[in-house]
Amino acid sequence: MPHFQSILHPAGIQAARVSHLWWVMFWICAAVWCAVALGAAIAIARGHRGTSMASERQLGTSVAIAGGISVVALVALLFQSVVTGRALDTLHSPDALVITVTGNQWWWDVQYDHPVPSLRVTTANEIHIPVGRPVRFNLFSNDVIHSLWIPNLQGKIDLVPGRLNELWLRADRPGVFRGQCAEFCGLQHAKMALVVVAEPSDDFERWLAGNRAPAPAPITPEQQRGKDVVERGPCAMCHNIAGTQAGGRSAPDLTHVATRSTIGAGSLPNTRGYLAGWIADPQHVKPGNRMPPPGLRDEELQAVLAYLETLK
Amino acid sequence: MTRHEGDEKRRRDDAGRPALSENDPRLEPARLDTERRLLDRTWANGRGLIAWISDTDHKAIGRRFLVTAFGFFTLGGILAGLMRIQLARPENTFLNPDLYNQIFTMHGTTMMFLFAVPVVLAMGVYLVPLMVGARAIAFPRMLNYGYWMFLFGGIFLYVMFFLNTGPDAGWFSYPPLAGPEFGYGKRSDVWAQLITFTEVSGLIVATCLVCTIFKLRTPGMSLNRMPLFVWAMLIVSFMVIFAMPSIVISSTCLILDRLVSTHIYNQAEGGDPILWQHLFWFFGHPEVYIIFLPALGMMSEVIATFSRRRVFGYIEMVLSMAATAFIGFGVWVHHMFTTGLPQFGQSFFTAASIMIVVPTSIQIFNWIATLWTARRLRLATPFLYMASFFFVFIIGGLTGVMLASVPLDRQVHDTYFVVAHFHYVLIGGSTFPLLGGLFFWFPKMTGRMMSERLGQASFWLLFVGFNLTFFPMHLLGLEGMPRRVYTYQAAMGWERLNLLATLGAAIIFVALVVYLINILVSLRHGAVAGDNPWGASTLEWATSSPPPPYNFSPQPTVASREPLWHTELTPPPIVGLDPSKREVLVTYLLDAEPDHRYPMPGPSLWPFLAAIATSGMFVWSIFQAQGVVWGSIPIFVTLVGWFWPTKGKKALQHGVHGRLALGDSLS
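Residues numbered from 1 in each chain as written. Chains lettered and ligands numbered in written order. Predicted model: local features only at pLDDT ≥ 70, side-chain atom pairs only at ≥ 80, totals over all residues.

### Things to note about the overall build of chain A
Right, on to step 1. Looking only at helices and strands, chain A features eight helices and 12 strands.
Right, on to step 2. Taking 20 Å as the expected radius of gyration for a compact globule of 312 residues, we find that chain A reaches 26 Å, considerably beyond that expectation.
Right, on to step 3. Its C-alpha atoms give chain A principal-axis dimensions of roughly 95 × 45 × 35 Å.
Right, on to step 4. Within chain A, the proportion of its 312 residues that are buried is 43%. (Helix = DSSP H or I, 4+ residues; strand = E, 2+ residues; numbered from the N terminus. Rg over C-alpha atoms; globule rule 2.2 N^0.38 Å. Buried ≥ 20, exposed ≤ 12 C-beta atoms within 10 Å, placed from the backbone.)

### Describing the overall build of chain B
Right, on to step 1. Looking only at helices and strands, chain B has 21 helices and two strands in total.
Right, on to step 2. The C-alpha radius of gyration computed for chain B amounts to 26 Å, which stays within 12% of the reference 26 Å derived for 667 residues, consistent with globular compactness.
Right, on to step 3. For chain B, the C-alpha atoms occupy an extent of roughly 85 × 65 × 50 Å along the three principal directions.
Right, on to step 4. Put simply, chain B has 667 residues, and 58% of those count as buried.
Right, on to step 5. When contacts within chain B are restricted to residue pairs at least 6 apart in sequence, long-range pairs at least 24 apart make up 81% of them. (Contact = placed C-beta atoms within 7 Å.)

### Some thoughts on the domain arrangement of chain A
Residues and elements named next belong to chain A.
Right, on to step 1. Domain annotation of chain A identifies domain 1 (1-207) and domain 2 (221-308).
Right, on to step 2. Centre-to-centre, using C-alpha coordinates, domain 1 lies 35 Å away from domain 2.
Right, on to step 3. Taken residue by residue, the interface counts 17 residues in domain 1 and 14 residues in domain 2.
Right, on to step 4. Of all the elements in the fold, those that place two or more residues in the side of domain 1 that touches domain 2 are β2 (107-112), β3 (121-124) and β10 (193-199).
Right, on to step 5. Residues that form the side of domain 1 that touches domain 2 fall into these classes: nine nonpolar, five polar and three charged. (Domains from an automatic or database assignment. Nonpolar A, V, L, I, M, F, W, Y, C, P; charged D, E, K, R; others polar.)

### Some thoughts on the confidence of the model for chain B
Residue and element names in this part refer to chain B.
Right, on to step 1. Residues at a pLDDT of 70 or more form 93% of chain B, whose mean pLDDT is 91.
Right, on to step 2. Across residues 648-667 the pLDDT falls below 50, and counting only partners more than four positions away or on other chains, this stretch makes 24 contacts in the model.
Right, on to step 3. Both scores are given for the predicted complex: the pTM is 0.94, the ipTM 0.96. (pLDDT = per-residue confidence, 0-100.)

### A few points about the domain arrangement of chain B
Residues and elements named next belong to chain B.
Right, on to step 1. As assigned here, chain B comprises domain 1 (3-16 + 536-658) and domain 2 (52-525).
Right, on to step 2. Computed from C-alpha atoms alone, the centre-to-centre distance between domain 1 and domain 2 is 29 Å.
Right, on to step 3. Of all the secondary structure elements, the ones that give two or more residues to the side of domain 1 that touches domain 2 are β1 (583-587) and α18 (606-621).
Right, on to step 4. Broken down by element, the side of domain 1 that touches domain 2 gets its largest block of residues, eight residues, from α18.
Right, on to step 5. Residue classes in the side of domain 1 that touches domain 2 are distributed as 31 nonpolar, 13 polar and six charged.

### Re the nonpolar core
Residues and elements named next belong to chain B.
Right, on to step 1. Membership of the largest hydrophobic core comes to 263 residues, with the highest contact counts inside it found for Ala69, Leu143, Val230, Ala232 and Leu293.
Right, on to step 2. It is helix α5 (residues 97-131) that contributes the most residues to this core, 22 residues altogether.
Right, on to step 3. Non-local contacts of Leu143, meaning those with residues more than four positions away in its chain, are made with His58, Ile61, Val125, Ile137, Ile204, Val205 and Cys208. (Core = buried A, V, L, I, M, F, W, Y, C linked by C-beta atoms within 7 Å.)

### Thoughts on the sheet that holds strand β4 (residues 126-130) of chain A
Residue and element names in this part refer to chain A.
Right, on to step 1. Spatially, the three strands line up as an open sheet ordered β4-β10-β9, and their pairing is mixed. Two strands bound the open sheet, and with one partner strand each, they are β4 and β9 (175-180). The sheet shows a mean angle of 25° between the axes of neighbouring strands, taken without regard to direction.
Right, on to step 2. Of the strand pairs in this sheet, β4 and β10 are connected by five bridges, and their pairing is parallel. When the bridges of β10 are listed, Ile129 appears paired with Ala198.
Right, on to step 3. Across the face of the sheet, helix α3 (residues 201-212) comes into contact with β4 and β10 while running at roughly 135° to β4. (Pairing = 2+ DSSP bridges. Axes fitted to C-alpha atoms, helices over the stretch in contact; angles between N-to-C directions.)

### Points about the pairing of strand β8 (residues 165-169) of chain A
Residues and elements named next belong to chain A.
Right, on to step 1. The side-chain alternation of β8 yields one buried face, formed by Asn165, Leu167 and Leu169, and one unburied face, formed by Glu166 and Trp168.
Right, on to step 2. Here strand β5 (residues 135-141) pairs with β8 via five bridges, running antiparallel. Its bridge partner lying in β8, Val135 is registered against Leu169.

### Concerning the packing of helix α10 (residues 314-327) of chain B against helix α12 (residues 357-372) of chain B
Residues and elements named next belong to chain B.
Right, on to step 1. Contact geometry for α10 and α12: axes closest at 8 Å, N-to-C directions at 155°. Relative to α12, the element α10 is oriented roughly antiparallel. Here α10 and α12 pass one another in a crossing that is left-handed. Facing Glu316, Met317, Ser320, Ala323 and Thr324 of α10, the residues of α12 in contact are Pro359, Thr360, Ile362, Gln363 and Asn366.
Right, on to step 2. Within the contact of α10 with α12, the residues separate by chemical class into four nonpolar, five polar and one charged. (Parallel < 35°, antiparallel > 145°, perpendicular 65-115°, else oblique. Left-handed = near helix turned anticlockwise from the far one by under 90°.)

### Points about the environment of Phe432 of chain B
Residues and elements named next belong to chain B.
Right, on to step 1. For Phe432, the position within the fold is in helix α15 (residues 416-446).
Right, on to step 2. Residues Phe432 and Arg484 lie 52 residues apart in sequence; the distance between their C-alpha atoms is 25 Å.
Right, on to step 3. Setting aside its immediate chain neighbours within four residues, Phe432 contacts Tyr385, Ser388, Phe389, Val392 and Ile427.

### Overview of the interface of chain A and chain B
Right, on to step 1. On the chain B side, the residues contacting the 66 residues of chain A number 69 residues.
Right, on to step 2. Of all the secondary-structure elements, those providing two or more residues to the side of chain A that touches chain B are α1 (13-49), α2 (56-88) and β7 (154-159) of chain A.
Right, on to step 3. Broken down by element, the side of chain A that touches chain B gets its largest block of residues, 16 residues, from α1 of chain A.
Right, on to step 4. For the side of chain A that touches chain B, the class distribution of residues is 38 nonpolar, 22 polar and six charged.

### With respect to the sheet that holds strand β1 (residues 97-104) of chain A
Residues and elements named next belong to chain A.
Right, on to step 1. If you trace the five strands from one edge of the open sheet to the other, you get β3-β2-β1-β5-β8, paired in mixed fashion. Two strands lie at the open edges of the sheet, namely β3 and β8, each paired on one side alone. For this sheet the average axis-to-axis angle between neighbouring strands, irrespective of direction, equals 25°.

### Here's the deal with α10 of chain B
Right, on to step 1. Helix length check: α10 of chain B (14 residues) gives 20 Å between terminal C-alpha atoms against 20 Å at 1.5 Å per residue, within 8%.
Right, on to step 2. Listed in full, the buried residues belonging to α10 of chain B are Glu316, Met317, Ser320, Met321, Thr324 and Ala325 of chain B. (Expected span 1.5 Å × (residues − 1).)

### Comments concerning unusual backbone geometry
Right, on to step 1. Following Gln105 of chain A, the chain continues to Trp106 of chain A via a peptide bond in cis, the omega torsion being -5°.
Right, on to step 2. Note the cis peptide between Pro175 of chain B and Pro176 of chain B, where omega equals 5°.
Right, on to step 3. Mapped onto the fold, Pro176 of chain B is located in the loop between α6 (140-162) and α7 (187-215).
Right, on to step 4. In this structure, Ser173 of chain B is a non-glycine residue whose phi angle is positive, near 45°.
Right, on to step 5. As for its position among the elements, Ser173 of chain B is in the loop between α6 and α7.
Right, on to step 6. Judged by C-beta crowding, with 24 C-beta atoms within 10 Å, Ser173 of chain B ranks as buried.
Right, on to step 7. With a phi angle near 60°, Asp414 of chain B is a residue other than glycine that sits in the positive phi range.
Right, on to step 8. Summarising the element assignment, Asp414 of chain B is placed in the loop between α14 (406-412) and α15.

Quick look at the structure:
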């Protein structure tokens, strides 16, 4: 198994704490199970032979002792859980990177906060974070309840319409991880994933700066033709490409779509072939998603693909 | 003392008193024979379809409930099989996402509302009156109405499902997904209204059981002599009565939001989608214990019988069940740890969710103590099912402790880890004991034994298949597989474990087919059971198998907790109930001292007609608000017919306080 969406292979402090808690609980519970199963098996074997002569008083004492042990074990588990819960709260820090994630049926809108609005970075379905720096996610939903879950980094928290929820995490090693919506959110709940790239600070800053820039201008005539189709065709109704006339807000931002590794919220790899298939018939791979077939001619489709590939 | 009071006292003394001695002339065999013939005639149900529909015998209704609930179990199981086929390999196209979402919603809804709860209540309907030595259940016509409501609700759900209008927002139907903004068509209305059907049915059965247990116990069966299964059903009935109002309110508000645009769950208009979750889980978590506690009661009965000794620690067992029920109402927020509620509040629910383990573990230890000192424990099929509880359920119980922890829950919540957890709890903790219990009481219900060989075969198949299906799901959850996904990518690496689970599901299917074959074959060819084939201690084994419509003649009394094991203590049976009327003996709540005789209503078609009228109104009202108004008229008409006062002699029977004039008894 690849373990890029795994609770037991933590890549950050929060997930590591929970993973530790899991193993503590696992071993205690495993011991309890063995003890009870063994007790039951011996009791059945003895009862089958019918030889036991324990008095009711002895039985009472044994049950009381067993009950006492379970209470102690349970209190230990409760204690461990509360300690972990408190430790998870200690990550809060004023110099955290703030990212706003908004859930939509069935994709993630991602915005990197900045005091200057024009320097905010908007992207979708892919989150880059610097290794070693705490990150605070502000979570909203535009429609139904979703849940942001990146198992290698932190437990999930719901995106509830009308509420603001927070999620704190910190990646401690670089890597590419996968997250997935964990609250049933309708038809394509299964295909609402996202990619999380944890990278060294320098790489992250470079990525952020790159994404802050508006979309690069097309160079070849085909790319220019693609841009025209996007701006005048149906694409611009929903998608935004900063620096162009495409200013829709109800679908993933495409300003730097070529830098992302997946399309369709983690449904497909972002290659020219898959992208062509997706644009030609968006309802094929992810039926029910909000993108209607744009009805492009072959030549238009090729032009749009050529243009989208420049959006780095 | 006035003359009137003297009469009263004499009546009380005579009615339902045990015979004075074994030599009471009213206990002569010839007289009892005459009485039985009269009883046969009085309690007989006519032939034909109308008589069948009108039947008020709790055993007939209980059997119907069981058969219907197992019918829905089969449907829910088939849906589960379809899901397992879909998930057997990545990117499978066996089911499309829309159908998959309907199917998992239908599976959960069916198993919770149309199988698990009705089936345990049905066991209570069949067994409780027999166990407490009563001739009938309280409010038998209302019970009949409750059965038809359950059946019509289930049929309604499946008809809508086959019309492609099956609910698709999960068995928990969270708004806004299930609300008017995002829940298109009538799908979520169907779900919400099915809940209304099952609420009506569940509340009715609970009421019947509470009244039967409180007022119809045979003399001598004080509260502290009640069988543990009866205690379990009493506690569960109260849980139903306390938990159901919450879902009544929440599902009604959902329908109102959808039908007449109230904005109760709409945050944009000042409502709150989280409110739904509180209301739903305030019902939803006790629901788990409603399913679980009757199984514990069955465990106790079977373990006692096969160990040939009383269950160790009766009072602790009863208090444990009561404590579970009580704490069960204080843990609902552990379903909502990821919604972003304040931490301090959450820790209270963590503590409660961990604390609820204590009473269950006390019961487990008491059973182990019982088995430890058993007298030649028999390892027959019913016992095997109960014994598997120790190995299977406990896994579910322990993962439940893990889920009570907020940090850990936030990782595994809504993953296959949780799917594994609650199937271990519900199948291991309820379905296994239920199948064992069914095997155990089958001879009482049918007069024939089930085949031991087929029984063992189906048990071991089920045991292996169950673990093969659900154990890998723990690992899938830890490796990040969320619940309620119709497919996954090959790159996720979940394929092998999913395939294993699907293989296990196939084995479960075979096991259940063997179980069904066993039932069908044994119905005709099983060995004749006799009254008490297992040598059990409780009163249902004191009468013939299957019992006559009036359960007992003469009605037994008890002087110990295990009346059939201490026959030397057993006082003479009841005399003085009028065999020419459907009379039952009402007793006092605590000590079951005789109070008065009460005539039970006989068969009637009205409950069936009322159920049709009510169902019509329920279905109409999800399409048009005025259905509530106009649809109520037929209900009113059928209820008037149902409660129309009867004249003459019959009216006398319903006299003041239900007290009867004596003098027409056998003596």
